[in-house]
Amino acid sequence: GGPIKEGDVRWLTAGQGALVEGLGSPARAHMDPALYRLRVNVPRDLKMSPPRLQRFEARDAPVVALGDCMLRVYAGDVCGVVGPVEPEVDGTQLYVVDGSGQVDLPLDGEATALMLIVRGTCTVDGVVFGANRAFYAPPGEASMQVTLAASTKLVVALALPTTDPVVVGGPFVMTSATEIARAYEDF
């Protein structure tokens, strides 16, 4: 897939299985601390779908101004701007906020949001989160007011909660022990 540069995204839906090497390894994380891997569980009906990899460079993601910040939209509809990633699960959003000041982060009232501070600090309700820290917002709000210190970069991921059971077995996330056993057999 070539080198991953700042702002690039590799969006993998593993489905029935995909071997991913290099990304997320302790050695790679030490070499490139700004490289993150986010795993999102997919609904049962997508577990055995064919794997799909989408590759995008930073320039492929549209940018929208929000106060004194810039939002780079990778997936979903954020502030009326649609990112290039085509998520298999409706309601999935991924965007990056870069800047400073008080900002109302756009959220989806039905989705759970995960925020990761890549650089700088982010204050929410008087609580300060520094670089490489994360916090989440449960479903219910359409926005969240945050205060970003100078030159803060924040990754925001949103997904609809699943009602499927979650069973983890090694590198696999399925909905039952039987599915985990089958994944090991197929792998």
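Definitions and limits used
Residues numbered from 1 in each chain as written. Predicted model: local features only at pLDDT ≥ 70, side-chain atom pairs only at ≥ 80, totals over all residues. Heavy atoms only, no water. Helix = DSSP H or I, 4+ residues; strand = E, 2+ residues; numbered from the N terminus. Contact = heavy atoms within 4.5 Å. Areas by Shrake-Rupley, 256 points an atom, 1.4 Å probe, with all protein chains shown as cover. Pairing = 2+ DSSP bridges. Buried < 20%, exposed > 50% of the residue type's maximum accessible area, 1.4 Å probe, protein only. Patch = residues over 30% accessible without salt bridge, like charges linked within 9 Å, V, L, I, M, F, W, Y side chains within 5 Å. Salt bridge = Lys/Arg side-chain N within 4 Å of Asp/Glu carboxyl O. Core = buried A, V, L, I, M, F, W, Y, C linked by side-chain atoms within 4.5 Å. Phe/Tyr/Trp six-rings, centres within 6.5 Å; stacked < 30°, edge-to-face > 60°.

J.: What exactly am I supposed to notice about the overall build of the protein chain here?
T.: When you go through the protein chain residue by residue, the secondary structure sums to 2 helices and 14 strands. In the protein chain, the share of contacts with a sequence separation of at least 24, taken over all contacts with a separation of at least 6, comes to 62%. About 10,700 Å² of surface is accessible on the protein chain, with carbon and sulfur atoms providing 54% of the total.

J.: In this structure, what is going on with the pairing of strand E12 (residues 143-159)? I would like to understand it.
T.: In summary, the side chains of a regular strand alternate between the two faces of the sheet. With 13 bridges joining them, strand E7 (residues 93-106) and E12 adopt antiparallel strand pairing. The residue bridging Asp98 from the neighbouring strand is Lys153, located in E12. Here strand E8 (residues 112-119) pairs with E12 via 7 bridges, running antiparallel. Its bridge partner lying in E12, Ile117 is registered against Leu154. Here strand E9 (residues 122-124) pairs with E12 via 2 bridges, running antiparallel. Looking at E12, one finds that Thr123 is bridged to Thr147.

J.: Sorry, what's going on with unusual backbone geometry here?
T.: Negative phi characterises most residues that are not glycine, and trans characterises most peptide bonds. The residue Cys79 is not glycine, and still its phi comes out positive at about 55 degrees. Mapped onto the secondary structure, Cys79 falls in the loop between strand E5 (77-78) and strand E6 (81-82). For Cys79, a relative accessible area of 42% translates into the label partly exposed. Non-glycine residue Asn132 carries a positive phi angle of around 65 degrees. You can see Asn132 is positioned in the loop between strand E10 (127-129) and strand E11 (133-137).

J.: Which parts of the structure should I look at to understand a nonpolar patch on the surface?
T.: Taken together, the side chains of Val166, Val168 and Val173 make up a nonpolar region of the molecular surface, amounting to roughly 250 Å² of accessible area. Here Val166 lies in the loop between E12 and strand E13 (167-169).

J.: Any chance you could explain the nonpolar core here in plain terms?
T.: Inside soluble globular proteins, nonpolar side chains tend to come together where they are buried. One finds Tyr95, Val97, Leu105 and Met115 to be the most contacted residues of the largest nonpolar core, which totals 27 residues. Residues in contact with Val97, not counting those within four places in the same chain, are Cys69, Met70, Leu71, Leu105, Leu148, Thr152, Lys153, Leu154 and Val156. Formed by 11 residues, the second largest nonpolar core is a distinct cluster that contains Val9, Ala61, Val85 and Ala157.

J.: Is there a simple way to think about the environment of Gly126 in this case?
T.: Mapped onto the elements of the fold, Gly126 is located in the loop between E9 and E10. In this structure Gly126 comes out as exposed when scored by relative accessible area, which is 67%.

J.: Looking at this model, I keep getting lost on the packing of aromatic side chains. Mind explaining?
T.: Geometrically, a pair of aromatic rings is defined through the distance of the ring centres and the angle of the planes. Scanning all chains against the criterion turns up 1 aromatic pair. For the ring pair Phe129 and Phe135, a centre distance of 4.5 Å and an interplane angle of 25 degrees mean the geometry is stacked.

J.: How should I be thinking about the pattern of salt bridges in this particular structure?
T.: Side chains that differ in sign of charge can pair as their charged atoms come close. Taken as a whole and assessed by the stated rule, the structure comprises 7 salt bridges. Arg52 is the salt-bridge partner of Glu86, the closest N and O atoms lying 2.8 Å from each other. Of this pair, Glu86 sits in the loop between E6 and E7 while Arg52 is found in strand E2 (residues 52-56), placing the two residues 34 residues apart along the sequence. When its relative accessible area of 49% is taken as the criterion, Glu86 is described as partly exposed. Note on Arg52: relative accessible area 30%, which makes it partly exposed. Measuring nitrogen to oxygen at the nearest pair gives 2.7 Å for the salt bridge that ties Asp98 to Arg119. With Asp98 in strand E7 and Arg119 in strand E8, this residue pair connects regions lying 21 residues apart in the sequence.

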